[in-house]
Amino acid sequence: MTWVGLIIALAGALGYAVGAALQQFEAVTEGASLKLVKRPRWWIGGVIGFTGASLHAVALSFAPLVVVQPVSVATLVFAVPLAAYLYGRKPYKAEIFGSIAVAVGLLWLTLLVPHTDVPPVLSTPAALGFLAVIGLIVLVANLAAARTTGATKALLLSVGAGVVTATVSTFVRVVGGGLNGDLSRLVHWFTLVIPTMLVFAVVLLQRSYAVGYFGIAYAGVQVIDPITSVLAGAILLGEPLPTSPSTALPALLAAALTIGGTVTLGRLAPDQSRPLPEASIPVPHPSPAAADRS
């Protein structure tokens, strides 16, 4: 059943990537505002992304968080070039290398995690504590983002979006994985958490996309989401983590590769779907990142 979950998760991740690229293009144009609901392409991206998320939810009913969650990072190498295509340009070399580095780093970390299926059980006190911690992280990330600009702002907002998205996945895993064919188990407040947190995730995602740095925003979510989910699975649901000393060095190397790819994406200039006003166009300065572009 684990392989079934993996296949479904991959299909869902591809849909999520396409939807994210379409919505980011519109978010840069209109900003993270209600004007987005008047943009047909934003709705198309939302439908495609929701379909991908639904498939992801189904996958979590077949396989544990530590298996399903990191699968989504593989689509980073597709989402970033697709976003570049929407802006009528070729992907920068730094975008390609940065995306591959993040994806490979996270997938490498995934291989170090023991893949065993543990029945998901979450108590009410643990669930409330988990939600409180997530709320605090979102608050701190947004307060910090309000004090900065550019790639740093996009990254901070993506942290909030990533932990909320991971919360959705965690509760989907608890609810879906604990059904065992008994639909009456859906009558629980855990079920209500899923759509509620999903709304918050959508809002936070649009805010991170609207900054204009799709590569760093998308990568940030893809990094924070699986890390938070894996930690939640281990701490709250009893899913195993690698404990062998022999995995320490590979884990550090994988983490370094992931961080390096994220930093590379963060150094790129923001995408713009329409020309900036002349007064707001910054004076260009030589940058090491410029040599990576083509």
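Owing to the predicted nature of the structure, the values given are computational and were not obtained by experimental measurement. (Residues numbered from 1 in each chain as written. Predicted model: local features only at pLDDT ≥ 70, side-chain atom pairs only at ≥ 80, totals over all residues. Heavy atoms only, no water.)

Enquirer: Looking at this model, I keep getting lost on the confidence of the model for the chain. Mind explaining?
Expert: The predicted coordinates ought not to be read in detail in places where the model reports low pLDDT. Of the residues in the chain, 82% have a pLDDT of 70 or more, and the chain-wide mean is 79. Mean pLDDT across the elements of the chain ranges from a minimum in helix 3 (residues 65-68), with 68, to a maximum in helix 6 (residues 124-145), with 94. (pLDDT = per-residue confidence, 0-100. Helix = DSSP H or I, 4+ residues; strand = E, 2+ residues; numbered from the N terminus.)

Enquirer: Honestly, a nonpolar patch on the surface in this entry has me stumped. Any pointers?
Expert: A cluster of nonpolar side chains, Ile96, Phe97, Ile100, Val104, Trp108, Leu111, Leu249, Leu253 and Leu257, forms an exposed patch at the surface whose accessible area comes to about 840 Å². Elements supplying a minimum of two residues to the nonpolar patch: helix 5 (93-111) and helix 10 (248-266). With six residues, the top contributor of residues to the nonpolar patch is helix 5. A residue is classified by how much of its surface remains accessible, and isoleucine 100, at 39% relative accessible area, is partly exposed. (Patch = residues over 30% accessible without salt bridge, like charges linked within 9 Å, V, L, I, M, F, W, Y side chains within 5 Å. Areas by Shrake-Rupley, 256 points an atom, 1.4 Å probe, with all protein chains shown as cover. Salt bridge = Lys/Arg side-chain N within 4 Å of Asp/Glu carboxyl O. Buried < 20%, exposed > 50% of the residue type's maximum accessible area, 1.4 Å probe, protein only.)

Enquirer: Just checking my understanding: could you explain the packing of aromatic side chains for this structure?
Expert: One pass over the structure, following the stated rule, counts seven aromatic pairs. With centroids separated by 5.3 Å and ring planes inclined at 85°, the aromatic side chains of phenylalanine 171 and phenylalanine 190 adopt a geometry described as edge-to-face. Taken together, the residues phenylalanine 171 in helix 7 (residues 150-177) and phenylalanine 190 in helix 8 (residues 189-210) connect sequence positions 19 residues apart. For phenylalanine 171, a relative accessible area of 0% gives the class buried. On the basis of relative accessibility, which here comes to 5%, the residue phenylalanine 190 falls in the buried class. Measuring from ring centre to ring centre gives 5.8 Å for tyrosine 209 and phenylalanine 214, while their planes differ by 50°; the resulting arrangement is tilted. Judged by its relative accessible area of 2%, phenylalanine 214 is buried. Chaining the aromatic ring pairs together yields one cluster made of Phe130, Phe171, Trp189 and Phe190. Between the NZ or CZ atom of arginine 89 and the centre of the ring of tyrosine 92, over which it lies, the distance is 4.3 Å. (Phe/Tyr/Trp six-rings, centres within 6.5 Å; stacked < 30°, edge-to-face > 60°. Lys NZ or Arg CZ within 6 Å of the ring centre and 35° of its normal.)

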